[in-house]
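Examination of the molecular architecture
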Amino acid sequence: ALVSSGAIALGRRRLGFSGAALSLAQKQAAAAAGQTALMTAWETAFSAEAPPLAQALLTISDTETRRRWLNARATLETLLDAGALPVINENDTVATEEIRYGDNDRLAARVSQLIGADCLILLSDVDGLHDADPRKSAHAKRLARIDAVTDEITALAGGAEAKRALGTGGMATKIAAAKIACAAGCATAIGDGLRDAPLTRLQSNDAGTWFSAAQSPQDARRHWIAHALTTAGALHLDAGAVAAVRSGKSLLAAGATGVEGAFQRGDAVRLLDPDGAEFARGLAGYDAAEALLILGKRSEDIEAALGYRRGAALVHAGDIVLTDKA
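As a starting point, this report considers the structure included with it. (Residues numbered from 1 in each chain as written. Predicted model: local features only at pLDDT ≥ 70, side-chain atom pairs only at ≥ 80, totals over all residues. Heavy atoms only, no water.)

Moving on, we come to the overall build of the protein. In terms of helices and strands, the protein carries 12 helices and 14 strands. Dimensions of the protein, computed from C-alpha atoms along their principal axes, come out at roughly 70 × 45 × 40 Å. By residue count, 44% of the 326 residues in the protein fall in the buried class. Of the contacts made within the protein by residues no fewer than 6 positions apart, 67% connect residues no fewer than 24 positions apart. Taken as a whole, the protein presents about 16,100 Å² of accessible surface, with 52% of it coming from carbon and sulfur. (Helix = DSSP H or I, 4+ residues; strand = E, 2+ residues; numbered from the N terminus. Buried < 20%, exposed > 50% of the residue type's maximum accessible area, 1.4 Å probe, protein only. Contact = heavy atoms within 4.5 Å. Areas by Shrake-Rupley, 256 points an atom, 1.4 Å probe, with all protein chains shown as cover.)

Below you can see the structure in the form of structure tokens.
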């Protein structure tokens with residue numbers, strides 16, 4: 001997935017907006033006018049043999065609200081499964097200063113979480129993080145590998161390196177993005193995007209700064225579901241559904257026998273065996289009210305019961321974590 005900016009800059013030229021500062025309305029109008037030019041530029045940059053490009057515009061609520069997070073994840077996963085390359089930008093046409101990311105570094109980190117990426121690469125005009133400002137000190141040392149974003153590392157980002165790196169946030173936002181991504185199991189690199197073959201250069205120890213992830217994206221996600229989220233309800237399962245979930249399959253409506261709580265789609269719920277004991281947790285694929293209407297129903301009967309169908313799973317296998325030792 002590719003996170004790109006540039007829509008406002010391209011749009012303001014198209015609309016003839018001059019001056020250093022634009023009003024919010026002008027920024028939003030410029031974004032609207034610039035999005036097509038931005039996608040045209042990317043289409044031109046890629047060869048005819050490249051994957052088809054697909055534009056995806058996100059706001060901060062798409063990655064901070066669980067229901068919208070699920071919708072955004074489903075769309076991006078569908079694009080990736082279809083062999084497309086999502087080109088992602090902040091939806092500046094509707095975002096205001098209070099509800100926007102403000103920098104592509106944080107947006108890219110959240111997208112990494114959405115798609116379960118193994119690696120996030122932030123290309124800039126600097127070759128990674130240094131222990132001093134290399135413009136002022138001939139002895140400044142590039143930090144090739146960072147195993148944890150400590151207070152000392154954060155201080156470096158907010159000190160001499162703060163204004164280095166292209167973008168609205170400089171190096172500080174890149175370190176913050178690395179911390180977000182690494183916590184989600186996604187290794188992160190900061191490299192010089194102004195030099196030829198920047199991705200190839202990052203494969204050696206002679207360029208950039210790499211931030212290590214302590215665990216895989218899958219393990220980080222399991223820990224988040226099992227420990228970081230407060231459950232909002234529970235689903236009771238029959239014995240067959242319990243066995244299916246234990247074997248790594250999704251929880252289908254046909255195997256559910258009861259609903260507890262008033263949870264919303266995307267909330268964490270406990271999965272209970274026929275004796276009422278919790279054996280797993282997961283993210284609900286349907287609201288509690290919807291779940292009540294489709295309990296015990298076959299997948300092909302869900303649409304008739306609700307008038308629509310999101311999918312066969314009450315809880316998808318990728319959103320389930322076993323919490324007992326059985």
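Let us now look at the packing of helix α5 (residues 104-115) against helix α7 (residues 170-183). With their axes 8 Å apart at the nearest point, α5 and α7 run at an angle of 10° to one another. With respect to α7, the element α5 is oriented roughly parallel. On α7, the residues touching Asp-105, Arg-106, Ala-109, Arg-110 and Gln-113 of α5 are Gly-170, Thr-173, Lys-174, Ala-177, Ile-180 and Ala-181. Along the lines of polarity and charge, the residues of the contact of α5 with α7 split into four nonpolar, three polar and four charged. (Axes fitted to C-alpha atoms, helices over the stretch in contact; angles between N-to-C directions. Parallel < 35°, antiparallel > 145°, perpendicular 65-115°, else oblique. Nonpolar A, V, L, I, M, F, W, Y, C, P; charged D, E, K, R; others polar.)

With that settled, consider the sheet that holds strand β4 (residues 119-124). One key point about sheets: their strands pair by backbone hydrogen bonds, in either a parallel or an antiparallel sense. A sheet is described by the order of its strands in space; here four strands give the open sequence β4-β6-β7-β5, paired in mixed fashion. Because the sheet does not close on itself, it has two edges, and the strands there are β4 and β5 (145-146). Across six bridges, β4 lies against strand β6 (residues 187-192) in parallel orientation. Residue pairing across strands places Ile-121 opposite Ala-189, the latter belonging to β6. (Pairing = 2+ DSSP bridges.)

With respect to the helices, strands and loops of the structure, Asp-273 is situated in the loop between β11 (268-272) and β12 (278-283). No salt bridge is formed by the buried Asp-273; its nearest oppositely charged neighbour, Arg-246, is found at 5.5 Å. Separated by 2.9 Å, the side chain of Asp-273 and the backbone nitrogen of Asp-275 make a polar contact. Non-local contacts of Asp-273, meaning those with residues more than four positions away in its chain, are made with Leu-237, Val-242 and Phe-279. (Lys, Arg positive; Asp, Glu negative; His and termini not counted. Salt bridge = Lys/Arg side-chain N within 4 Å of Asp/Glu carboxyl O. Polar contact = N/O pair within 3.5 Å; in protein donor to acceptor, adjacent residues only side chain to side chain.)

Glancing now at the environment of Asp-147. Among the secondary structure elements, Asp-147 is positioned in the loop between β5 and α6 (151-158). Sequence separation between Asp-147 and Ala-187 is 40 residues, and the spatial gap between their C-alpha atoms is 9.8 Å. A distance of 3.1 Å separates polar atoms of two side chains, one belonging to Asp-147 and the other to Arg-145. A distance of 3.1 Å separates a polar atom in the side chain of Asp-147 from a polar atom in the side chain of Ser-212.

What the rule picks out here adds up to two aromatic pairs. Pairing Trp-69 with Trp-224 gives two aromatic rings, centres 5.8 Å apart and planes at 50°, and the pair type is tilted. Of this pair, Trp-69 sits in helix α4 (residues 66-81) while Trp-224 sits in helix α9 (residues 217-228), and the two are 155 residues apart along the sequence. (Phe/Tyr/Trp six-rings, centres within 6.5 Å; stacked < 30°, edge-to-face > 60°.)

Right, let's talk about the environment of Ala-304 for a bit. Structurally, the position occupied by Ala-304 is in helix α12 (residues 302-306). When the C-alpha positions of Ala-304 and Glu-43 are compared, they lie 42 Å apart, and in sequence the two are 261 residues distant.

Here the focus is the pattern of salt bridges. Inspection of the entire model under this criterion finds 13 salt bridges. A salt bridge links Arg-68 to Asp-62, with the nearest nitrogen and oxygen atoms 3.0 Å apart. A cluster of three or more residues bridged by salt bridges with shared partners is formed by Arg-73, Arg-221 and Asp-319.

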